[in-house]
Amino acid sequence: MSTSEAAEQLRGWFAGRLPDDWFEGPPEVVLDREEVSVIGRLPEPPAAAAPEVSEAERAGAIAGHVQRFREETRDRRMSIAREAERRFGHKVSWGVECGGEREMFTTLSVPVMTRLRQPERRVLDTLVEAGVARSRSDALAWCVRLVGKNTDEWLSELRSALQHVERARAAGPKA
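Residues numbered from 1 in each chain as written. Predicted model: local features only at pLDDT ≥ 70, side-chain atom pairs only at ≥ 80, totals over all residues. Heavy atoms only, no water.

Chemist: It is not clear to me how the overall build of the chain should be interpreted in this structure. Could you clarify?
Modeler: Summing up its helical and strand segments, the chain has six helices and four strands in all. In sequence order, the chain lays out its α and β elements as α-β-β-α-α-β-β-α-α-α. Relative to the compact-globule value of 16 Å for 175 residues, the chain shows a C-alpha radius of gyration of 20 Å, a clear excess of over 25%. Principal-axis analysis of the C-alpha atoms places the extent of the chain at approximately 55 × 55 × 30 Å. Buried residues in the chain amount to 29% of all 175 residues. Expressed as a percentage of contacts within the chain between residues at least 6 apart in sequence, the contacts between residues at least 24 apart total 53%. Put simply, the chain shows about 12400 Å² of open surface, and 52% of that area lies on carbon and sulfur atoms. (Helix = DSSP H or I, 4+ residues; strand = E, 2+ residues; numbered from the N terminus. Rg over C-alpha atoms; globule rule 2.2 N^0.38 Å. Buried < 20%, exposed > 50% of the residue type's maximum accessible area, 1.4 Å probe, protein only. Contact = heavy atoms within 4.5 Å. Areas by Shrake-Rupley, 256 points an atom, 1.4 Å probe, with all protein chains shown as cover.)

Take a look at the structure:
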């Protein structure tokens, strides 16, 4: 099964399995080799939507709304995650979007090995020495987040192209 087919199957399964009243619309389901992230959109709480509400009060109302959802759904989310993990063989992480903010409740931190030459190691060491990161590992994660943030459009195009390649491979002759 291709990655895009697996992602489609996961999206469909979660859309059918999650309670209808949890999220506005279908959740965003993101898949990589180790993890499935399920991110649903919560409606903005009425206390945050009033025009006379300050930004601090709005932020507090959204944070409280997200926390309440997290606590009230914890047992069911864990049960659904266990089902998905048995069925699909990936760990499940949860998160929500509300009022333009995204909060992940759980995520995996997966070690990734790489070989770096001295110039690349010096970049990481500079970030550590400057206090931007606690370790080379943190510095590398910081660099990856920075590249991801600044190249979202390019990465999206690349992911889309990879999906086309997977579909072409699937449609081709079987060995």
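Chemist: How do you make sense of the pattern of salt bridges when you look at a structure like this?
Modeler: If the charged atoms of two oppositely charged side chains come close together, the side chains can form a pair. The tally for this structure, following the rule as stated, stands at eight salt bridges. Salt-bridge contacts for Glu83 lead to Arg17; the nearest nitrogen and oxygen are separated by 2.7 Å. Separated by 66 residues along the polypeptide, Glu83 in helix α3 (residues 55–88) and Arg17 in helix α1 (residues 3–17) bring together distant segments of the chain. Between Arg102 and Glu97 there is a salt bridge, with its nearest N and O atoms 2.6 Å apart. In the salt-bridge network here, residues are joined through shared partners; they are Glu28, Glu97 and Arg102. (Salt bridge = Lys/Arg side-chain N within 4 Å of Asp/Glu carboxyl O.)

Chemist: What is the right way to look at the nonpolar core in this model?
Modeler: General note: in soluble globular proteins, nonpolar side chains tend to be found buried as a group. Formed by 27 residues in total, the largest nonpolar core has its most connected members in Phe14, Leu18, Val36, Val92 and Trp94. Elements with a minimum of two residues in this core: α1, β1 (28–31), β2 (35–41), α3 and β3 (91–98). Looking at which element gives the most residues to this core, the answer is α3, with eight residues. Each residue touching Val92, except ones within four places of it in the same chain, is listed here: Phe14, Val36, Val38, Ala81, Ala84, Glu85 and Thr106. If you look at the next biggest cluster of nonpolar residues, it comprises five residues, including Leu124, Ala133, Ala139 and Cys143. (Core = buried A, V, L, I, M, F, W, Y, C linked by side-chain atoms within 4.5 Å.)

Chemist: I would appreciate a short explanation of the pairing of β2 in the present structure.
Modeler: The side chains of a regular strand alternate between the sheet's two faces. With six of its seven residues buried, β2 lies for the most part within the structure. Direction of pairing for β1 relative to β2: antiparallel, over a ladder of four bridges. What sits directly across from Val30, in β2, is Ser37. Following β1, the chain reverses through three residues before pairing antiparallel with β2. Sheet topology note: the β2/β3 ladder contains seven bridges and is parallel. When the bridges of β3 are listed, Arg41 appears paired with Glu97. (Pairing = 2+ DSSP bridges.)

Chemist: How should a nonpolar patch on the surface be read in this particular structure?
Modeler: Taken together, the side chains of Leu108, Val110 and Val112 make up a nonpolar region of the molecular surface, amounting to roughly 250 Å² of accessible area. By the secondary structure assignment, Leu108 is in the loop between β4 (101–104) and α4 (118–129). (Patch = residues over 30% accessible without salt bridge, like charges linked within 9 Å, V, L, I, M, F, W, Y side chains within 5 Å.)

Chemist: Can you help me understand the environment of Gln67 in this one?
Modeler: Along the chain, the position of Gln67 falls in helix α3. With relative accessibility at 31%, the residue Gln67 sits in the partly exposed group. Sequence separation between Gln67 and Glu35 is 32 residues; the distance between their C-alpha atoms is 23 Å.

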